[in-house]
There are 2 protein chains.
Amino acid sequence: MELEFENLNITVVGLGLIGGSMAKAIRKHINVKNLWAIEVNESIIKQSKQERIIDEGFINPTYPLNHSDMVILCAYPNTNINFIKDNMHKMKKNCIITDTSGIKDKISRQINEFIREDIYFVGGHPMAGKECIGYEFSDSSIFEGASYILTCNHNPGRQIEILKKLFYRIGFKEVSIMSPEKHDEMIAFTSQLPHLIACALVNSDKFEQGLDCMGGSFKDATRVAQINAELWSQLIFENKDKLLRALAEFIDDLNKVYHIIDNDNKDTVQSYFEKSTAKRKGISI
Amino acid sequence: MELEFENLNITVVGLGLIGGSMAKAIRKHINVKNLWAIEVNESIIKQSKQERIIDEGFINPTYPLNHSDMVILCAYPNTNINFIKDNMHKMKKNCIITDTSGIKDKISRQINEFIREDIYFVGGHPMAGKECIGYEFSDSSIFEGASYILTCNHNPGRQIEILKKLFYRIGFKEVSIMSPEKHDEMIAFTSQLPHLIACALVNSDKFEQGLDCMGGSFKDATRVAQINAELWSQLIFENKDKLLRALAEFIDDLNKVYHIIDNDNKDTVQSYFEKSTAKRKGISI
C-alpha cells in the first residue's frame, strides 16, 4: 500500500453526522482513487452521490470491502463491532480499518479478539461534533482546528502514520496517539463528565424558574445537554467504570468547594479562582 | 424628570469592563444631555474622553452627582454600597441610582436602610460579560441580545420604566423585573453554580493529563473558569446561603445520576438525555 492517497479506495461506513462530515472532508481536501460509502438508507446514498461527495454508495458491503484499502466506521460503537465481525471475511488483505466512536478500550479489546491477522484495526476518535444528528447536518468544517485521537496498544506502525496524515490533511489541528485505556480514562473526565453536568443542570427543578436569568455561563455549560440520547447511552455504559470514577472524584471536588465556602475561607476561594484562571488560560477558547 | 434622554445627565461610576461597555453603549445608541464618568484612574478618564465616549470625567464626584439625573454604579458590590453611603448627600433630588453587580438582595437591603427618601435606588444586573478585566476590553456589543434584570421589592414605578427603556435602547433583548431575593436565588443556580463547576473542572488533578482530549464540551463548560478572582470572591460570599443551597442540590443531582448509571438503568439514562435535549432546545445557543 502506497502512502499516496490517489492510489487508495476509501470506504466510509454510515453516512450520519460524523460519517457524512468525514466523506465531505475527504472529498474536499484529498484526491483519492475512489471514495465509497456503505449506508443502509438508499436516499442518503443517492443524495451524497448527487452532491458528488461519494463516487458510489452501497447497501451491500461486499464490493466496496473487497476493494477498499481503508474503511472508516462511523456508526454507533456496537454496530461498528458487529459490522467488522460479520464482514471481516470480505475485507481486502492489508486493509486499514478505523472507527470514530467516543470510547475505545472495550471496542478495541473485542475487535482484537476476533480480527483477521492480515488486516489492521486502529481506533480513532474525532474530538468534534454538533448537537444534531444525521447526514443533513454533516459538514466538513466541524473538524477544522479540532483534535483527533488514535489509539493503539502496540508499537504504532505504518497504518497509524497513514491515518495521521489523512486526519491532518482533512483539517484536524492535532492528532495524538495513546492507549485505548488511557483514552477512555481521559475522555471520561474531559467529555463524558461535562456532558453529564450539562444534562444535570438542564434537568434540575430550578431550570424553568431560572429562564430569565440565563447568561453566557449557563448557556455554554449546557450546550451539550442537547445530546444524541441513544448513542450517548451506549457510550456511557461502555465506559461505565472510568466514568463513575471521574464522576465520584468530581462530586468530591464540589464537596470540597462547598466546605471552603461554608467555612468562610475567603482567601482559599480567591486562590481557587486565581488557580483556575491561570490553568484555563493555557487552553484555547 | 422627563422620559426624553436628551434632557438627562447620566454618570457612570467606574470605567471597568462593565462601566466602560455601559458608557460606550449609551454613547452609541442614545443622545443624552451629558454622559459623565467618575473614575479613580485619571488615564482612563483621559482615554475615554479622547475617544469621545464620555463628555467629561471626574475623580471628585461632587459636580457630576450634583447634576446627574441617573447614576449607574459599575464598581464591585461593596465599593458601590460605600460609594452611595459616602456621597448620597451630593446627589440631585429625584436622581435614579442603579448598580450592575451580580448579586442583589444583601446590597438592596443595605442601601435601603440608609438611602435618602428623595432619591431612588433600583438594583440591576446585566447578564453579560467577558473573561477579562478593565476599560481596555470594554465593548458595547457585549450587551447585544443579552438579558437585563432589574430588581425591586415595591411596586415598580416610573424609575423602573426609564431604566427599562434605557437598557432596551442600548441593546439588551430582554429586561425582566423581579425581587432581589428571587434574583439571587436564581443567579446562584444559573450563574454562580456554572462558574464553580467550571473552576472545579479546571482545578481537577486530571486537567493536565487530559489536555490532548479536550473538545468543545470541555472548552465550553470551562470558559468561565477564567474569572475575576477578587470580584467573584465577593459575589460568592454575598450570596453564600443561596449558593450553597444550589450547590448542595446539584451535588444531590449528580449523586442520583451516579446511581442510575451504577445500577445499569439504561432506559432511565436514555430518558434523562431525552429530557435534557427537549429542555435545552427551549433556550438559545
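Here's a quick rundown of the structure. (Residues numbered from 1 in each chain as written. Chains lettered and ligands numbered in written order. Predicted model: local features only at pLDDT ≥ 70, side-chain atom pairs only at ≥ 80, totals over all residues. Heavy atoms only, no water.)

## Describing the state of the cysteines
Moving on, step 1. Scanning the model with the defined rule gives 0 disulfides over all chains in all.
Moving on, step 2. Its sulfur unpaired, Cys152(B) is 14 Å from the next cysteine sulfur, which belongs to Cys213(A).
Moving on, step 3. Given a relative accessible area of 11%, Cys152(B) falls into the buried group. (Disulfide = S-S within 2.5 Å. Buried < 20%, exposed > 50% of the residue type's maximum accessible area, 1.4 Å probe, protein only.)

## Here's the deal with the sheet that holds strand S1 (residues 9-13) of chain B
Residue and element names in this part refer to chain B.
Moving on, step 1. Read across the sheet, 8 strands follow the order S3-S2-S1-S4-S5-S6-S7-S8 without closing on themselves; strand pairing throughout is mixed. Each edge of the open sheet is held by one strand with a lone partner, namely strand S3 (56-58) and strand S8 (174-178). Within the sheet, the average angular offset between the axes of one strand and its neighbour, ignoring direction, is 25 degrees.
Moving on, step 2. Relative to strand S2 (residues 34-38), S1 runs parallel, the two sharing 5 bridges. Paired with Asn-9 across the bridge in S2 is Asn-34.
Moving on, step 3. Taken strand by strand, helix H4 (residues 77-87) contacts S1, S2, strand S4 (70-73), strand S5 (96-99) and strand S6 (120-126), and its axis lies near 150 degrees from that of S4.
Moving on, step 4. Running at roughly 155 degrees to S8, helix H6 (residues 158-169) makes contact with S1, S4, S5, S6, strand S7 (147-151) and S8 of the sheet. (Pairing = 2+ DSSP bridges. Helix = DSSP H or I, 4+ residues; strand = E, 2+ residues; numbered from the N terminus. Axes fitted to C-alpha atoms, helices over the stretch in contact; angles between N-to-C directions. Contact = heavy atoms within 4.5 Å.)

## Things to note about unusual backbone geometry
Residues and elements named next belong to chain A.
Moving on, step 1. Positioned with a positive phi, Arg-52 is a non-glycine residue whose angle comes to about 60 degrees.
Moving on, step 2. The exposure class of Arg-52 is exposed, given its relative accessible area of 68%.
Moving on, step 3. Although it is not a glycine, Asn-94 sits at a positive phi angle of roughly 70 degrees.
Moving on, step 4. With respect to the helices, strands and loops of the structure, Asn-94 is situated in the loop between helix H4 (77-87) and strand S5 (96-99).
Moving on, step 5. Exposure remark for Asn-94: the relative accessible area of 38% places this residue in the partly exposed category.

## What to know about the relation of the copies chain B and chain A
Moving on, step 1. Once chain B has been moved 0.0 Å along the axis and rotated by 180 degrees, it coincides with chain A to within an RMSD of 0.0 Å. Expressed as a symmetry operation, the mapping of one chain copy onto the other fits a two-fold axis. Among all residues of chain B, the minimum C-alpha distance to the rotation axis is found for Ala221(B), at 2.1 Å.
Moving on, step 2. The share of interface residues of chain B whose copies in chain A are also at the interface is 100%, consistent with both copies meeting through the same surface. (Least-squares fit on C-alpha atoms with pLDDT ≥ 70 in both.)

## Considerations on the pattern of salt bridges
Moving on, step 1. Following the criterion strictly, the structure yields 28 salt bridges over all chains and no others.
Moving on, step 2. Linking Glu144(B) and Lys28(B) is a salt bridge whose minimum nitrogen-to-oxygen distance equals 3.7 Å. A residue pair is termed long-range when its members are at least 10 positions apart, and Glu144(B) in the loop between S6 and S7 and Lys28(B) in helix H1 (residues 17-29) qualify at 116 residues.
Moving on, step 3. With relative accessibility at 41%, the residue Glu144(B) sits in the partly exposed group.
Moving on, step 4. Taken together, the shared-partner salt bridges connect Asp105(A), Arg109(A) and Lys242(A) into one network. (Salt bridge = Lys/Arg side-chain N within 4 Å of Asp/Glu carboxyl O.)

## What about the pairing of strand S2 (residues 34-38) of chain A?
The side chains of a regular strand alternate between both faces of the sheet.
Residues and elements named next belong to chain A.
Moving on, step 1. Counting buried positions over the 5 residues of S2 gives 4, a clear majority of the element.
Moving on, step 2. Running through helix H1 (residues 17-29), the crossover from strand S1 (residues 9-13) to the neighbouring parallel element S2 is right-handed.
Moving on, step 3. As paired elements, S2 and strand S3 (residues 56-58) share 3 bridges and run parallel to each other. Counted as the bridge partner of Ala-37 is Gly-57 from S3.
Moving on, step 4. Handedness of the crossover joining S2 and S3 through helix H2 (residues 42-50): right-handed. (Right-handed = clockwise from strand over helix to strand, strands pointing away.)

## Points about the packing of helix H10 (residues 240-262) of chain A against helix H10 (residues 240-262) of chain B
Describing two packed helices takes the angle between their axes plus the distance from one axis to the other.
Moving on, step 1. Relative orientation of the contacting elements H10(A) and H10(B) amounts to 165 degrees, with a least axis distance of 10 Å. When the axes of H10(A) and H10(B) are compared, the pair comes out roughly antiparallel. Here H10(A) runs over H10(B); the crossing is left-handed.
Moving on, step 2. When grouped by side-chain class, the residues that make up the contact of H10(A) with H10(B) number 20 nonpolar, 2 polar and 4 charged. (Parallel < 35°, antiparallel > 145°, perpendicular 65-115°, else oblique. Left-handed = near helix turned anticlockwise from the far one by under 90°. Nonpolar A, V, L, I, M, F, W, Y, C, P; charged D, E, K, R; others polar.)

## Some points on the interface of chain B and chain A
Moving on, step 1. Taken together, the contacts link 85 residues of chain B with 85 residues of chain A.
Moving on, step 2. Taken together, the two surfaces of chain B and chain A that pack against each other cover about 8,300 Å², and 68% of this comes from carbon and sulfur.
Moving on, step 3. Three residues stand out in chain B for area buried against chain A, namely Lys206(B), Phe237(B) and Phe273(B), and they jointly supply 9% of the buried area on that side.
Moving on, step 4. The tally of links from chain B across to chain A stands at 8 salt bridges.
Moving on, step 5. Glu249(A) is the partner of Lys206(B) in a salt bridge, and the nearest nitrogen-oxygen pair spans 2.8 Å.
Moving on, step 6. Across the contact surface, chain B and chain A share 30 residue pairs in polar contact (both at pLDDT 80 or more).
Moving on, step 7. For the side of chain B that touches chain A, the elements supplying multiple residues, two or more each, are S7, S8, helix H7 (180-203), helix H8 (216-222), helix H9 (229-238), H10 and helix H11 (266-281) of chain B. (Buried area = accessible area lost by both parts, 1.4 Å probe. Polar contact = N/O pair within 3.5 Å; in protein donor to acceptor, adjacent residues only side chain to side chain.)

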